[in-house]
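So the chains spell out like this:
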Amino acid sequence: DTEVTQTPKHLVMGMTNKKSLKCEQHMGHRAMYWYKQKAKKPPELMFVYSYEKLSINESVPSRFSPECPNSSLLNLHLHALQPEDSALYLCASSQLWGASTGELFFGEGSRLTVL
Amino acid sequence: GESVGLHLPTLSVQEGDNSIINCAYSNSASDYFIWYKQESGKGPQFIIDIRSNMDKRQGQRVTVLLNKTVKHLSLQIAATQPGDSAVYFCAEKSGAGNQFYFGTGTSLTVIP
């Protein structure tokens, strides 16, 4: 069983809706990540938070808005999405030791469908 | 059986044979590499990792080889079992931050 929990597992939304994806980990990891994965493709990095601060934004459109309220939680706020944004959204976390990091632990993902 | 990543994204092997999955990574400055297994409908699962100061690391039934000269990573699975059927991704840690980037992936099918 994964120690990274993502909710909801499935989400269907219209292009005018506002919704959020949530991710939680209790392993004491200080780096958290959002990836987007389309069918039969590798995960694509979207955002990285290190010590609760946004450290990497891979030129993601502003209709995706990440938030890290504390060291255990990571949210992804969704607004005015397009059908091509339909994908599996994966959250991951990793331990940090200064500038060094351990392996990524992934959640099971949130399957998003935009109508 | 053996895959060559981008050119052979699928690999079929007989149960009990050894499998070799290959990955070409992009950044010569990458210092940490991980192999993940992803089953249908699930998140990626850690298999084995290796840092750039090593060229080989062994786990239970799995071995990772790193060739920095040609920027190549391979995963060897011994005595492949039906439960090993999945998509396998290599990931490299690249850049000044904690970014991990994934390779194309190889779909492994084990024939009983």
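Structural notes, computed from the coordinates.

Thresholds, definitions, all that
Residues numbered from 1 in each chain as written. Chains lettered and ligands numbered in written order. Predicted model: local features only at pLDDT ≥ 70, side-chain atom pairs only at ≥ 80, totals over all residues. Heavy atoms only, no water. Pairing = 2+ DSSP bridges. Helix = DSSP H or I, 4+ residues; strand = E, 2+ residues; numbered from the N terminus. Salt bridge = Lys/Arg side-chain N within 4 Å of Asp/Glu carboxyl O. Buried < 20%, exposed > 50% of the residue type's maximum accessible area, 1.4 Å probe, protein only. Contact = heavy atoms within 4.5 Å. Polar contact = N/O pair within 3.5 Å; in protein donor to acceptor, adjacent residues only side chain to side chain. Nonpolar A, V, L, I, M, F, W, Y, C, P; charged D, E, K, R; others polar.

**Comments concerning the pairing of strand 3 (residues 18-25) of chain A**
Residues and elements named next belong to chain A. As judged from the 4 bridges shared by strand 1 (residues 4-7) and strand 3, these two strands associate in the antiparallel manner. Counterpart to threonine 5 in the pairing with strand 3 is glutamate 24. Sheet topology places strand 3 next to strand 8 (residues 73-79); 7 bridges connect them, and they run antiparallel. When the bridges of strand 8 are listed, serine 20 appears paired with histidine 77.

**Overview of the pattern of salt bridges**
Residue and element names in this part refer to chain B. Under the defined criterion, the tally for this structure stands at 5 salt bridges over all chains. When the shortest N-O distance is used, the salt bridge between arginine 57 and aspartate 49 registers 2.3 Å. Looking at arginine 57, the relative accessible area reads 35%, which means it is partly exposed. Taking relative accessible area as the criterion, aspartate 49 reaches 11% and is therefore assigned buried.

**Comments concerning the interface of chain B and chain A**
The interface is formed by 20 residues belonging to chain B together with 24 residues belonging to chain A. For the pair chain B and chain A, the number of links is 0 salt bridges. Where chain B packs against chain A, one counts 9 residue pairs in polar contact (both at pLDDT 80 or more). The element best represented in the side of chain B that touches chain A is strand 3 (residues 32-38) of chain B, accounting for 4 residues. Of the residues contributing to the side of chain B that touches chain A, the split by class is 9 nonpolar, 7 polar and 4 charged.

**Things to note about the pairing of strand 9 (residues 87-94) of chain A**
Residue and element names in this part refer to chain A. Burial within strand 9 is extensive, with 8 of its 8 residues counted as buried. Pairing of strand 4 (residues 31-37) with strand 9, which is carried by 7 bridges, proceeds in the antiparallel orientation. Bridging from a neighbouring strand, methionine 32 pairs with serine 93 of strand 9. Bridge count between strand 9 and strand 13 (residues 110-114): 3 bridges; the pairing is antiparallel. Bridge pairing links leucine 88 to arginine 111 in strand 13.

Distances and angles like these do not, on their own, reveal function.
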